Amino acid sequence: MAKTKDNKKVIYWLLTGCFLIFIMVVVGGITRLTHSGLSISNYKLISGTIPPMNEAEWHEAFELYKQYPEYQKLNNHFTLQDFKDIYFWEWLHRVIGRFIGLVFFIPFLYFLITKQLTKPTIKKSIILMALGAFQGFLGWYMVKSGLVDNPDVSHYRLAAHLTTAFITFAYTYWVALDISFPNKKPVNIKFRNFVRLSLAILLLQIIYGAFVAGLDAGFIHNHWPMMSEGKFMHPTVYLEHEPLYKNFIEGKSGVQFVHRMLAYIVVIFMFLIWEKSRKLKLTVLQTKGVNALLVMVAIQFLLGVLTIILQVPVWLGVAHQVGAFFLLTAMTFTLHRFSK
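Residues numbered from 1 in each chain as written. Predicted model: local features only at pLDDT ≥ 70, side-chain atom pairs only at ≥ 80, totals over all residues. Heavy atoms only, no water.

What am I meant to see in a nonpolar patch on the surface here?
On the surface, Tyr-43, Leu-45, Ile-46, Phe-134, Phe-137, Trp-140 and Tyr-141 cluster together into a nonpolar patch covering about 730 Å² of accessible area. Inspection of the secondary structure puts Phe-134 in helix α5 (residues 119-144). (Patch = residues over 30% accessible without salt bridge, like charges linked within 9 Å, V, L, I, M, F, W, Y side chains within 5 Å. Areas by Shrake-Rupley, 256 points an atom, 1.4 Å probe, with all protein chains shown as cover. Salt bridge = Lys/Arg side-chain N within 4 Å of Asp/Glu carboxyl O. Helix = DSSP H or I, 4+ residues; strand = E, 2+ residues; numbered from the N terminus.)

As structure tokens, this is what we get:
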């Protein structure tokens, strides 16, 4: 009996990829918040999968770490045990990345050889693997920026790395939804375009969240709703750089300010999606998608406020990043249900 194309196995494969990307983002968040990302200064695609296995190998890895700015300028008090602690998270992050590559590539070859994929799904799968490869490159490119003079990675490269992970997840989920719901009904074009605009704003907010993480901007202005006691905005707080615009892409205060303002805008747009949808005749899944958006944006906003007030404890910083992930998931599902 011939196997059907784009069957449930293909859907499970894609959803497994989504789950692994989610785990990857969580571990990546822990890696960043524990300042573990520069612990492995060399990149070995195959042999790098195996961590140091004895004391001699650990000392060799530690000696290599000592040659770079993070140890020399920040962590020269580290013992071998301190190094092992940060090494673990970066190693785990990289191993999961390699595993994701295998999970995407090997089943894809199997489905391709056994002719279980339609032509559109083949094209989409190739795009997915290209995104995954690009994500791996961005990870290396990001780490490289922290191994020269500055003992920290470029917040621009961090944002590119994180945002690509989110986009890769969203696209993988979208392909799974395409197969799960092959028959789509006519939609309200204006409403769909408004949801698209909301998605673009959400992605901009995710980028600024990465800027905040990359600049450690969450450790200042730990008040809400004011950024400091009794002051919501004060010009001298933000003028750290010249020209003026650099304060809002490279200054800690300015970046946090933009991230806060975008949070309010995201909440407003999610509410407007819900409000506008009430005037439309919705399917059950469309209703669930819109309601999920409203719930998730409320949770995410609360997590953001708590993260700032409590000065970014690791668990809460990770929870805030996970909240962004689930909000993007709800947005992707909602947009899919309102797309042709």
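Is there a simple way to think about the side chain of Asn-222 in this case?
Here Asn-222 lies in the loop between α7 (189-214) and α8 (235-238). We classify Asn-222 as buried; its relative accessible area is 15%. Of the polar contacts made by the side chain of Asn-222, one reaches the backbone oxygen of Gly-218; its length is 2.8 Å. Side-chain polar atoms of Asn-222 contact the backbone oxygen of Ile-308, separated by 2.7 Å. Setting aside anything within four residues of it in sequence, one finds Asn-222 in contact with Met-227, Ile-308, Ile-309 and Gln-311. (Buried < 20%, exposed > 50% of the residue type's maximum accessible area, 1.4 Å probe, protein only. Polar contact = N/O pair within 3.5 Å; in protein donor to acceptor, adjacent residues only side chain to side chain. Contact = heavy atoms within 4.5 Å.)

Would you take a moment to explain helix α4 (residues 80-113) for this structure?
The periodicity of an α-helix, 3.6 residues per turn, causes residues three or four places apart in sequence to face the same way. For α4, spanning 34 residues, the distance from its first C-alpha to its last is 48 Å, which sits close to the expected 50 Å at 1.5 Å a residue. Along its length, α4 shows its largest kink, about 25 degrees, at Tyr-87. Lys-115 lies just past α4 and shows a positive phi near 55 degrees. (Expected span 1.5 Å × (residues − 1). Bend = angle between axes of the 7 residues up to and from the residue.)

Just to check I follow, could you spell out the packing of aromatic side chains for this structure?
The way to describe two aromatic rings as a pair is by their centre distance and the angle between their planes. If you walk through the whole model with that rule in mind, you get 29 aromatic pairs. Ring centres of Phe-169 and Phe-325 lie 4.3 Å apart, and the angle between their planes is 50 degrees; on these two criteria the pair is classed as tilted. Of this pair, Phe-169 sits in helix α6 (residues 155-180) while Phe-325 is found in helix α11 (residues 314-337), placing the two residues 156 residues apart along the sequence. Taken individually, Phe-169 and Phe-325 each receive the classification buried, so the pair is uniform in this respect. Seen from their ring centres, Phe-248 and Phe-257 are 6.4 Å apart, and the 55 degrees between their planes marks the pair as tilted. Here Phe-248 falls in the partly exposed class, since its relative accessible area comes to 26%. The residue whose ring lies beneath Lys-66 is Phe-62, and the NZ or CZ to ring-centre distance is 4.6 Å. (Phe/Tyr/Trp six-rings, centres within 6.5 Å; stacked < 30°, edge-to-face > 60°. Lys NZ or Arg CZ within 6 Å of the ring centre and 35° of its normal.)

Whenever I open this one, the pattern of salt bridges confuses me. Can you help?
Between side chains of opposite charge, a pair can form as their charged atoms come close. If you walk through the whole model with that rule in mind, you get seven salt bridges. We note a salt bridge from Arg-32 to Asp-152, for which the minimum N-O separation is 2.9 Å. With a gap of 120 residues between them, Arg-32 in helix α1 (residues 8-33) and Asp-152 in the loop between α5 and α6 connect regions that are remote in the sequence. Across the pair, exposure class does not vary: Arg-32 and Asp-152 are buried alike. Between Glu-55 and Lys-84 there is a salt bridge whose closest N-O contact spans 3.2 Å. Here Glu-55, found in helix α2 (residues 55-65), pairs with Lys-84, found in helix α4; they are 29 residues apart in sequence, far enough to count as distant. Counted as one network, the salt bridges with shared partners bring together Arg-32, Asp-152 and Asp-216.

Help me understand the nonpolar core, please; the structure alone is not making it clear to me.
One broad rule of soluble globular proteins: the nonpolar side chains tend to lie buried together. Counting 70 residues, the largest nonpolar core has Leu-14, Phe-166, Met-270, Ile-273, Leu-327 and Met-331 as the members making the most contacts within it. Contributing elements (two or more residues each) for this core: α1, α4, α5, α6, α7, α9 (252-277), α10 (284-309) and α11. With 13 residues, α1 is the single largest residue contributor to this core. The residues contacting Ile-273, other than those within four sequence positions of it, are Phe-191, Phe-194, Val-195, Ser-198, Val-290, Leu-293 and Met-331. One finds Phe-62, Phe-78, Leu-80 and Tyr-87 within the second-largest nonpolar core, a separate group that totals 13 residues. (Core = buried A, V, L, I, M, F, W, Y, C linked by side-chain atoms within 4.5 Å.)

Even after reading the chapter, I still don't get the packing of α6 against α7, so can you show me in this structure?
Each pair of packed helices can be described by the angle between their axes along with the distance between the axes. α7 packs onto α6 with a crossing angle of 140 degrees between their chain directions and a minimal axis gap of 8 Å. Our classification of the angle between α6 and α7 gives oblique. Considering how the two elements wind past one another, α6 and α7 form a crossing that is right-handed. Two secondary-structure elements touch here, α6 through His-155, Tyr-156, Leu-158, Ala-159, Leu-162, Thr-163, Phe-166 and Ile-167 and α7 through Leu-203, Ile-206, Ile-207, Ala-210, Phe-211, Ala-213 and Gly-214. For the contact of α6 with α7, the class distribution of residues is twelve nonpolar, three polar and no charged. (Axes fitted to C-alpha atoms, helices over the stretch in contact; angles between N-to-C directions. Parallel < 35°, antiparallel > 145°, perpendicular 65-115°, else oblique. Left-handed = near helix turned anticlockwise from the far one by under 90°. Nonpolar A, V, L, I, M, F, W, Y, C, P; charged D, E, K, R; others polar.)

I'm lost on the environment of Leu-14 in this one. Help?
If you trace the backbone, Leu-14 turns up in helix α1. Accessibility expressed as a relative area gives 0% for Leu-14, which makes it buried. Linking Leu-14 and Ala-176, residues 162 residues apart in sequence, is a C-alpha distance of 5.9 Å. Each residue touching Leu-14, except ones within four places of it in the same chain, is listed here: Leu-128, Thr-172, Val-175, Ala-176 and Ile-179.

What is the right way to look at the packing of α7 against α11 in this model?
In the contact formed by α7 and α11, the axes pass within 10 Å of each other and the chain directions differ by 160 degrees. Taken together, the axes of α7 and α11 lie roughly antiparallel to each other. Crossing angle aside, the handedness with which α7 passes α11 is left-handed. In contact with Arg-192, Val-195, Arg-196, Ser-198, Leu-199, Leu-202 and Leu-203 of α7, α11 contributes Leu-327, Leu-328, Met-331 and Leu-335. Among the residues forming the contact of α7 with α11, the class breakdown is eight nonpolar, one polar and two charged.

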